[in-house]
Amino acid sequence: MRGTIAGLLNVGTQILQHNAIMRPRLEAEVLLGFVLGLQRVELHAHFDRIVESFFVESYFRLLKRRANHEPMEYLIEKVSFYGEELYISYGALIPRPETEILVDKALQLILDKDCKNIAEIGVGSGAISVMLAHLSKDLKSDSNFYASDISPEALFNACVNREKFRVKNLSLHLGAYLDFNAKLRINFDVLVSNPPYIKEGEMLPKSLSYEPQKALFGGEKGDEMLCHIIDLAQENRIPYLLCEMGYNQKESIKVHLSNIPHKSVEFYKDLAGLDRGFVISF
């Protein structure tokens, strides 16, 4: 089956619209452009071009997946984050815009306090550690980054992004929490994490069913992993901890901290005005 770019875009738009995709025309263009290796403006300039059957079949396979509300980022294997494009695929949580705030706060802290050794728990796609290492390198910082994850698939994503941004000062470790440091015995200055923090059993949009569930659900209450990370930071005498959290977890984190010696805690909000994370000084 062959067709013109214009015809394929019209059919794709109808398919996505019928399946309640919010921006059907835009997404049809993005998918066809991905298949053909063309920018959207190039599609518009060649509406009459005949597309060969192989590309048509690939396009319709992607349309079917998107019609089932599979995230666009997984289909085109890239996601926009902090003004850059990261590689993303199954097994790694898709980075969200609110996590850019965590990167901002961590970067500022690293520069202000001249922090040398930074650890991340749950590196996922590498969005946080790769971007921090990339940005700190540009700012002439000589920091070193160490990141762990229990998922080999997530570490593959992080490795691809580490290579993409030519980051040399980030080491990746397969394992839970800070287990990798049992042998290395590094004294970390900063610990950063965007751990799973959704309460088990909470109903989520269909699109989230495609993302790794172990990267979403944090336990019966949702804040269990956050509390454990706070404990780890205090036990390992790490001066600063930065974490993303759920919008409704500020009070439970405060309660947990009431039993943990610390100097200060700052909660911050996301762009929607919701509580989204905290910075603890020990």
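Keep in mind that this is a model prediction, so the values were computed, not measured.

Novice: Would you explain the overall build of the protein chain in this entry?
Specialist: Scanning the protein chain for helices and strands turns up 11 helices and 13 strands. Projected onto the principal axes, the alpha-carbon positions of the protein chain cover approximately 65 × 40 × 30 Å. Within the protein chain, contacts between residues at least 6 apart in sequence are counted, and of these 69% link residues at least 24 apart. Just so you have it, the protein chain exposes about 14200 Å², and 53% of that area is on carbon and sulfur atoms. Side chains of the protein chain carry 32 positive and 37 negative charges; the gap between the two charge centres is 2 Å.

Novice: Got a minute to help me understand the pattern of salt bridges in this structure?
Specialist: Working definition: two side chains of opposite charge can pair if their charged atoms are close together. In this structure the tally under the stated criterion is 15 salt bridges. For Lys-78, the salt bridge identified is with Glu-85, shortest N-O distance 3.8 Å. Under the relative-accessibility criterion, Glu-85 is labelled partly exposed at 38%. Residue Lys-105 pairs with Glu-266 through a salt bridge whose shortest N-O separation is 3.1 Å.

Novice: I keep staring at the sheet that holds strand β8 (residues 190–193) and nothing clicks. Help me out?
Specialist: Paired through backbone hydrogen bonds, the strands of a sheet run either parallel or antiparallel to each other. Across the sheet, which stays open at both edges, the seven strands sit in the order β7-β6-β5-β8-β11-β13-β12 with mixed pairing between neighbours. Each edge of the open sheet is held by one strand with a lone partner, namely β7 (170–174) and β12 (264–269). When the angles between neighbouring strand axes are averaged without regard to direction, this sheet yields 15°. Across five bridges, strand β6 (residues 144–149) lies against β7 in parallel orientation.

Novice: Where do I start with the pairing of β8 in this structure?
Specialist: Every regular strand shows the same layout, with side chains that alternate between the two sheet faces. Residues Val-190 and Val-192 line one face of β8 and the alternating positions Leu-191 and Ser-193 line the opposite face, and both faces are buried. Summarising the sheet, strand β5 (residues 117–121) and β8 pair through four bridges and their orientation is parallel. Paired with Glu-120 across the strands is Val-192, a residue of β8. Pairing analysis gives four bridges linking β8 to strand β11 (residues 240–244), with the strands arranged parallel. Bridge assignment links Leu-191 to a residue of β11, and that residue is Leu-241.

Analysis parameters
Residues numbered from 1 in each chain as written. Predicted model: local features only at pLDDT ≥ 70, side-chain atom pairs only at ≥ 80, totals over all residues. Heavy atoms only, no water. Helix = DSSP H or I, 4+ residues; strand = E, 2+ residues; numbered from the N terminus. Contact = heavy atoms within 4.5 Å. Areas by Shrake-Rupley, 256 points an atom, 1.4 Å probe, with all protein chains shown as cover. Lys, Arg positive; Asp, Glu negative; His and termini not counted. Charge placed at Lys NZ, Arg CZ, Asp CG, Glu CD. Salt bridge = Lys/Arg side-chain N within 4 Å of Asp/Glu carboxyl O. Buried < 20%, exposed > 50% of the residue type's maximum accessible area, 1.4 Å probe, protein only. Pairing = 2+ DSSP bridges. Axes fitted to C-alpha atoms, helices over the stretch in contact; angles between N-to-C directions.

Taken by themselves, the reported measurements are silent on function.
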